[in-house]
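Structural characterization, general
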Amino acid sequence: MYKYTIISGPMKEVIDIHWLDEIDSTNDEASRRIGESGNLSVLAAERQTAGRGQRGNSWLSPAGENLTFSMVLKFGDGFFAPYEAGKQFDISVSVALGLVDYLENKGIEGSIKWPNDIYVRNRKICGVLIENVLSGEHLAHSVIGIGLNVNQKNFSPQLINPVSMTSLTNLEYDLKKELPLLCGHLRARLLKLGSTVQFNEYASKLFRFGQLNDYVICSTGKVIKAKIIGVKRSGLLRLETEKGEHMEFAFKEISFII
Ligand code: BTN
């Protein structure tokens, strides 16, 4: 393992990045090290042996090909004010926009598959796993885990529509150089945590916004035809069915059919 500090990113701020050769999961390691980690510090790994994804899935990423890292966000330490637990969706908003900003800077147009996956057209380029720890009614800290497909060319056929930066641009990226750039964009968006302008921007970049598509209601398995009409500040996804009925869903209550 080695550690370095880089002055980089759009805000030319110091970003602490610790690279590990191998770890089970950067989210797990960041949580274990939470007491000794600075705000907005980053733990990245060449290889994860037990990378975790949403909904209890594994996150598989060939060693050294992609970015797999976690950023730590601490509240009430003088840098970020105490934050109400009920506003935790704001973190997803900032993180998704930071990722879209970074990709845009690389000439790649991403959209946000609610709540915070990043897609390029119909294909997934990035997954996000945010784990929040509460202290009473407030957030104590968050571990923001990000898996961004960068240089990977071949994907397991089991994955649904994956894509990487290299397969879109034909360029090979230096992960050690790209990570501080990406973290600079994340940091810039996190510093605007909770902004209404930012929330509206998030809504405007939603994957499949306003298009009629099939969705699965997870509790019943029923498929409905509906279009996304918005997101509430709490993070609930708002759909309008083909019959004009309005419905709201929390994460894990609804699945996209890709
Ligand atoms: C998803 O299912 O789409 C979320 C994937 C999140 C993967 C990242 S890789 C770095 C961090 N460590 C983990 O174990 N998971 C996240």
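Just above, that's the structure.
Residues numbered from 1 in each chain as written. Predicted model: local features only at pLDDT ≥ 70, side-chain atom pairs only at ≥ 80, totals over all residues. Heavy atoms only, no water.

**With respect to the packing of helix α2 (residues 89-105) against helix α5 (residues 196-204)**
- Look at α2 against α5: their axes get within 10 Å of each other, and the N-to-C directions meet at 65°. In terms of orientation, α2 and α5 fall into the roughly perpendicular class. Note that α2 runs across α5; the crossing there is left-handed. Counting all contacts with α2, which are made through F89, S92, V93, S94, A96 and L97, the residues of α5 involved are Q198, F199, E201 and Y202.
- Considered class by class, the residues forming the contact of α2 with α5 number six nonpolar, three polar and one charged. (Axes fitted to C-alpha atoms, helices over the stretch in contact; angles between N-to-C directions. Helix = DSSP H or I, 4+ residues; strand = E, 2+ residues; numbered from the N terminus. Parallel < 35°, antiparallel > 145°, perpendicular 65-115°, else oblique. Left-handed = near helix turned anticlockwise from the far one by under 90°. Contact = heavy atoms within 4.5 Å. Nonpolar A, V, L, I, M, F, W, Y, C, P; charged D, E, K, R; others polar.)

**A look at the site of the ligand**
- Neighbouring the ligand are 20 residues; S25, Q48, R52, Q54 and K124 lie closest to it.
- Here a nitrogen atom of the ligand and a side-chain polar atom of Q48 are 2.9 Å apart.
- In the model, an oxygen atom of the ligand is placed 2.6 Å from a nitrogen or oxygen of the K124 side chain.
- Contact with the protein chains hides 97% of the accessible area of the ligand, taken as 410 Å² for the molecule alone.
- Tallying contributions element by element places strand β8 (residues 123-135) first for the shell around the ligand, with four residues. (Near = heavy atom within 4 Å. Polar contact = N/O pair within 3.5 Å; in protein donor to acceptor, adjacent residues only side chain to side chain. Areas by Shrake-Rupley, 256 points an atom, 1.4 Å probe, with all protein chains shown as cover.)

**As for the packing of α2 against helix α4 (residues 175-190)**
- Viewed as axis vectors pointing N to C, α2 and α4 meet at an angle of 135°, and their least axial separation amounts to 8 Å. Relative to α4, α2 is oriented oblique. Handedness of the crossing formed by α2 with α4: right-handed. Together, S94, V95, L97, G98, L99, D101, Y102 and N105 of α2 and E178, L181, L182, H185, L186, R189 and L190 of α4 make up the contact between the two elements.
- Of the residues in the contact of α2 with α4, the class split is eight nonpolar, four polar and three charged.

**Points about the pattern of salt bridges**
- Using the criterion set out here, one finds 17 salt bridges in the structure.
- For R52, the salt bridge goes to E131, with nearest N and O atoms at 2.8 Å. Here E131 lies in strand β8 and R52 lies in the loop between β3 (42-48) and β4 (67-74), a separation of 79 residues in the sequence.
- A relative accessible area of 24% means that E131 is categorised as partly exposed.
- In this structure, E172 engages K153 in a salt bridge whose closest nitrogen and oxygen atoms are separated by 3.6 Å. Taken together, the residues E172 in the loop between α3 (165-169) and α4 and K153 in the loop between β9 (138-148) and α3 connect sequence positions 19 residues apart. For the pair formed by E172 and K153, the shared burial category is exposed.
- What you see here is one network of salt bridges that share partners, running through D24, E29, R32 and R33. (Salt bridge = Lys/Arg side-chain N within 4 Å of Asp/Glu carboxyl O. Buried < 20%, exposed > 50% of the residue type's maximum accessible area, 1.4 Å probe, protein only.)

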